[in-house]
Amino acid sequence: MNITPLDVPGYEKVARAEDPETGLVAFIAVHNTALGPALGGMRLWNYRSEDSAQWDVLRLARGMTFKSAVARTGLGGGKSVILADPADKSERLFEAMGRFVDTFKGMYITAEDVNVGVADLMAVKKQTAHVTGLPQEVGGSGNPSPYTARGTFVGIQATVQAAFGSADLDGRVVALQGAGSVGFVVGQMLKEQGAKLYVSDVNLENVERAREELGAEIVEPADIYGVECDVYSPNALGATLNDKTIPNLKCKVVAGAANNQLEDEDRHAAMLKGRGILYAPDYVINAGGIINVSLELQPGGYDEPAACLKIDNIGQALTSVYETAKREDITTHAAAQEVAEAVLAEVSTAQGPDSDSHEAGTTA
Ligand code: NAD
């Protein structure tokens, strides 16, 4: 396998691997390990070019630094991408990727992401110990989605509290975009609390399930933005908050699990603020999955009750973001960045300017 280190300013370690035997072409990026080893998923995608794969891995790794900092997982930020067609997935490919992950010696720890599931990670595990998100039967923390949903629900409650002065969801109207692994469970929790649901999804089975089990009113995918509601909850795609959709929103709160909801982070956060809509920063509200996985790295191993207690802190994390945003008259997105940077600065101050950087694998 040929591994080429890449010098990327602002990143601790980035490398490209090419393995002629298996056809693997992949990147791993470690953005920051000040708080602990860099944990982030492994994505497999049919990228248009190596440049777009590299752009993606860098952006995602940096995002993981902020997500883990605010969630106080004791982890840093990293990510990996494999350039391949999902149809060409093979055990040999993931074993090769496992060898690449292992060259980071624990500085990078991998997990599931788009097009990479538990079976693929079991192949990765044959070549490296630095893998999380495995089934509970083999000591892992299992599927992260229910935990992401739990955190998202707690986050919706905290955001409704901040916007309306009460966290009570009874009678609140929620427009849910995407009723998949996370969105459906969020919908169940909302329904239990008496919320009225509007749902859009492009998958007909998920639409039927939402109609039958959530009692949801179904709307066309393009119409979900204009639903008259208290909360718009994006749980499907990225970049759904943009120049076209924000003017249509008829809600007071945006709070959902989707990654990278703002097409342009600063500008669209400002547009939402300008419209008086309280936006729950995506990487704060959707941290339940990473928090859950981080518990696998605790000395005693995975502990579900401890994970749930920590996930429930997402409500408090959001509340302090909203307080900062209000006090400083800045967007909630900017406030979340401030909180993340403050957490990172606490560690560099505690370590002192001359201390060695964090030793991978010791504090998560
Ligand atoms: P999923 O694929 O199970 O569900 C997504 C749902 O959105 C599907 O039902 C899909 O049909 C639907 N959808 C796709 N395009 C749509 C459209 N245009 N309009 C309406 N619905 C559409 O994925 P998931 O695991 O539930 O994740 C949902 C979001 O949350 C993603 O953005 C993901 O990146 C993010 N997220 C998930 C986790 C996790 O633990 N699963 C963690 C953090 C963030």
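Residues numbered from 1 in each chain as written. Predicted model: local features only at pLDDT ≥ 70, side-chain atom pairs only at ≥ 80, totals over all residues. Heavy atoms only, no water.

### As for the packing of helix H4 (residues 145-164) against helix H10 (residues 304-311)
Running from N to C, H4 and H10 point in directions that differ by 35°, and their axes come no closer than 9 Å. Handedness of the crossing formed by H4 with H10: right-handed. Judged by residue contacts, Tyr-147, Arg-150 and Gly-151 of H4 engage Glu-304, Cys-308 and Ile-311 from H10. For the contact of H4 with H10, the per-class residue count stands at three nonpolar, one polar and two charged. (Axes fitted to C-alpha atoms, helices over the stretch in contact; angles between N-to-C directions. Helix = DSSP H or I, 4+ residues; strand = E, 2+ residues; numbered from the N terminus. Left-handed = near helix turned anticlockwise from the far one by under 90°. Contact = heavy atoms within 4.5 Å. Nonpolar A, V, L, I, M, F, W, Y, C, P; charged D, E, K, R; others polar.)

### Examining the packing of aromatic side chains
The geometry of an aromatic ring pair is captured by the separation of the ring centres together with the interplanar angle, meaning the angle of the planes. The full count for this structure, using the stated rule, is four aromatic pairs. Ring centres 6.0 Å apart and planes at 75° place the aromatic pair Phe-100 and Phe-104 in the edge-to-face group. Here the aromatic rings of Phe-104 and Tyr-108 are separated by 6.4 Å at their centres, their planes lie at 70°, and the arrangement is edge-to-face. Chaining the aromatic ring pairs together yields one cluster made of Phe-100, Phe-104 and Tyr-108. Stacked on the ring of Phe-104, the Lys or Arg Lys-13 has its end atom at 4.6 Å from the ring centre. (Phe/Tyr/Trp six-rings, centres within 6.5 Å; stacked < 30°, edge-to-face > 60°. Lys NZ or Arg CZ within 6 Å of the ring centre and 35° of its normal.)

### So, the domain arrangement of the protein chain
Taken domain by domain, the protein chain holds domain 1 (2-65 + 76-131) and domain 2 (146-288 + 315-342). When each unit is reduced to the centre of its C-alpha atoms, the spacing between domain 1 and domain 2 is 30 Å. (Domains from an automatic or database assignment.)

### Topic: the confidence of the model for the protein chain
Residues at a pLDDT of 70 or more form 95% of the protein chain, whose mean pLDDT is 93. Confidence drops under a pLDDT of 50 for residues 353-364, and excluding neighbours within four residues, the segment shows 22 contacts in the predicted structure. (pLDDT = per-residue confidence, 0-100.)

### Observations regarding the nonpolar core
Of all hydrophobic cores here, the largest spans 61 residues; its most connected members are Ile-156, Leu-190 and Leu-318. In terms of domain composition, this core takes at least three residues from each of domain 1 (2-65 + 76-131) and domain 2 (146-288 + 315-342). For Leu-190, the residues in contact, after removing those within four places along its chain, are Phe-153, Ile-156, Leu-169, Val-174, Leu-176, Ala-195 and Leu-197. (Core = buried A, V, L, I, M, F, W, Y, C linked by side-chain atoms within 4.5 Å. Buried < 20%, exposed > 50% of the residue type's maximum accessible area, 1.4 Å probe, protein only.)

### Section: the site of the ligand
Close contacts around the ligand come from 21 residues, with Thr-148, Ser-181, Val-182, Asp-201 and Asn-206 the closest. Asp-201 is positioned such that a nitrogen or oxygen atom in its side chain is 2.6 Å from an oxygen atom of the ligand. Burial of the ligand by the protein chains amounts to 73% of its free accessible area of 830 Å². The class makeup of the residues in the shell around the ligand is eight nonpolar, twelve polar and one charged. (Near = heavy atom within 4 Å. Polar contact = N/O pair within 3.5 Å; in protein donor to acceptor, adjacent residues only side chain to side chain. Areas by Shrake-Rupley, 256 points an atom, 1.4 Å probe, with all protein chains shown as cover.)

### Describing the pattern of salt bridges
Applying the stated criterion across every chain, the model contains 18 salt bridges. The closest approach of N and O atoms between Lys-126 and Glu-95, which form a salt bridge, is 3.5 Å. Of this pair, Lys-126 sits in the loop between helix H3 (118-125) and H4 while Glu-95 sits in helix H2 (residues 91-102); the two residues are 31 residues apart in sequence, bridging distant segments of the chain. For Glu-95, a relative accessible area of 18% translates into the label buried. Salt bridges linked by common partners bring Arg-43, Asp-56, Arg-59, Lys-79 and Asp-113 together as one network. (Salt bridge = Lys/Arg side-chain N within 4 Å of Asp/Glu carboxyl O.)

### Overview of the sheet that holds strand S11 (residues 231-234)
Strand order in the open sheet made by the six strands is S10-S9-S8-S11-S12-S13, with parallel pairing throughout. Two strands close off the open sheet at either side, each with one partner strand: strand S10 (217-218) and strand S13 (278-279). The pairing of strand S8 (residues 173-177) with S11 spans four bridges and is parallel. Paired with Ala-175 across the two strands is Tyr-232, which belongs to S11. (Pairing = 2+ DSSP bridges.)

### Re the layout of surface pockets
Taken as a whole, the second largest pocket holds about 470 Å³ of empty space. Every residue lining the second largest pocket is counted, 20 residues in all, and those nearest its centre are Ala-162, Leu-278, Tyr-322, Lys-326 and Thr-332. A per-element tally of the lining of the second largest pocket places helix H11 (residues 314-328) first, with five residues. Residue composition of the lining of the second largest pocket, by class: eleven nonpolar, five polar and four charged. (1 Å grid on protein atoms, 1.4 Å probe; cavity = no way out; pocket = protein on both sides within 12 Å on 5 of 7 lines; lining within 4 Å. Points joined across faces, edges and corners; volume = space filled by probe spheres on them.)

### As for the packing of H4 against helix H5 (residues 183-192)
At a minimum axis separation of 9 Å, H4 and H5 run at an interaxial angle of 45°. Classified by the interaxial angle, the pair formed by H4 and H5 is oblique. As for the relative orientation of H4 and H5, their crossing is right-handed in sense. Every residue of H5 that contacts H4 at Ala-149, Arg-150, Thr-152, Phe-153 and Ile-156 is listed here: Val-185, Val-186, Met-189 and Leu-190. (Parallel < 35°, antiparallel > 145°, perpendicular 65-115°, else oblique.)

### So, the environment of Val-219
Within the fold, Val-219 resides in the loop between S10 and S11. The exposure class of Val-219 is buried, given its relative accessible area of 17%. Sequence separation between Val-219 and Pro-37 is 182 residues; the distance between their C-alpha atoms is 43 Å. The contacts of Val-219, once residues within four sequence positions are left out, are Tyr-198, Val-199, Ser-200, Ile-224 and Val-227.

### Looking at the pairing of strand S2 (residues 13-19)
Here S2 lies mainly inside the structure; five of its seven residues are buried. Between strand S1 (residues 2-6) and S2, which pair antiparallel in sequence order, lie six residues; one of them, Gly-10, sits at a positive phi of approximately 90°. Here S2 runs beside strand S3 (residues 24-32); their pairing, made up of seven bridges, is antiparallel. Each residue of the ladder has a partner; that of Asp-19, found in S3, is Leu-24.

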